[in-house]
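The lines below spell out each chain.
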Amino acid sequence: QVQLVESGGGLVQAGDSLRLSCAASGRTFNVYAMGWFRQAPGKEREFLATITRKTGFANYADSVKGRFLISRDNAENTVFLGMNELKTEDTAVYYCAASLGGAWPPLEYEYWGQGTQVTVSS
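First, a word on scope: everything that follows refers to the structure included in this document.

Here is what the cut-offs are and how they apply
Residues numbered from 1 in each chain as written. Predicted model: local features only at pLDDT ≥ 70, side-chain atom pairs only at ≥ 80, totals over all residues. Heavy atoms only, no water. Helix = DSSP H or I, 4+ residues; strand = E, 2+ residues; numbered from the N terminus. Buried < 20%, exposed > 50% of the residue type's maximum accessible area, 1.4 Å probe, protein only. Core = buried A, V, L, I, M, F, W, Y, C linked by side-chain atoms within 4.5 Å. Salt bridge = Lys/Arg side-chain N within 4 Å of Asp/Glu carboxyl O. 1 Å grid on protein atoms, 1.4 Å probe; cavity = no way out; pocket = protein on both sides within 12 Å on 5 of 7 lines; lining within 4 Å. Points joined across faces, edges and corners; volume = space filled by probe spheres on them. Nonpolar A, V, L, I, M, F, W, Y, C, P; charged D, E, K, R; others polar. Pairing = 2+ DSSP bridges.

1. So, the environment of L4
- Considering the arrangement of structural elements, one finds L4 in strand β1 (residues 2–7).
- Residue classification places L4 among the buried residues on the basis of a relative accessible area of 7%.
- The sequence separation of L4 and N77 amounts to 73 residues, and the corresponding C-alpha distance is 9.9 Å.

2. Quick notes on the nonpolar core
- Counting residues in hydrophobic clusters, the biggest one holds 30 residues, and the most contacted among them are L4, W36, L81, M83 and Y94.
- If you list the elements that add at least two residues to this core, you get β1, β3 (18–26), β4 (33–39), β5 (46–52), β7 (68–73), β8 (78–83), β9 (92–99) and β11 (116–121).

3. As for the pattern of salt bridges
- Evaluation of the coordinates by the stated rule reveals 4 salt bridges.
- Of the charged contacts in the structure, one is a salt bridge between K65 and D62, with a shortest N-O distance of 3.2 Å. Of the two residues examined, K65 and D62, each falls in the exposed class.
- In this structure, the salt-bridge partner of D90 is R67, at a minimum N-O distance of 2.6 Å. Taken together, the residues span a long stretch of sequence, with D90 in the loop between β8 and β9 and R67 in the loop between β6 (58–60) and β7 at a distance of 23 residues. Across the pair, R67 and D90 agree in class, each one buried.
- The network of salt bridges with shared partners includes R38, E46, R67 and D90.

4. Description of the layout of surface pockets
- Approximately 150 Å³ is the volume found for the largest pocket.
- Taken together, 13 residues form the lining of the largest pocket, with M34, R53, N74, N77 and T78 sitting closest to its centre.
- Those elements giving two or more residues to the lining of the largest pocket turn out to be β5, β7 and β8.
- Within the lining of the largest pocket, the residues separate by chemical class into 5 nonpolar, 5 polar and 3 charged.

5. With respect to the pairing of β9
- Counting buried positions along β9 gives 6 out of 8 residues, so the element sits mostly inside the fold.
- Sheet analysis places β4 next to β9, joined by 7 bridges and oriented antiparallel. Bridge pairing in β9 links Q39 to V93.
- One ladder, built from 3 bridges, connects β9 with β11; its direction is antiparallel. Considered in β11, the bridge of A92 is made with V118.
- Bridge count for β9 against strand β10 (residues 111–112) is 2 bridges, and the pairing is antiparallel.

None of the figures reported here should be taken as evidence of function without further support.
Right, here's the structure in full:
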């Protein structure tokens, strides 16, 4: 089992920056990659970024390249999502997820956190 807990969300103004954290516990040694997703009201879940646990290779959705940055601290079993130049359309619940498979990019994410709310006001 892998447990994931997101934190760092909140209410910010357009143009601000925010860094989300996802703390992992349990069988973290089995985790191959971590990912960030979001879901806005009335929309489907959207992939944002993924990063391998050991090598740090990252992959981003085209919509957030150059504005969002995924990173990790293996010593703390934590993955981060830095978000810059936030827009009102970034308002969503942000989720982290863990993939146990060895495929790159990951084909499936088996474990999910409960999410953290990010609200961007104008």
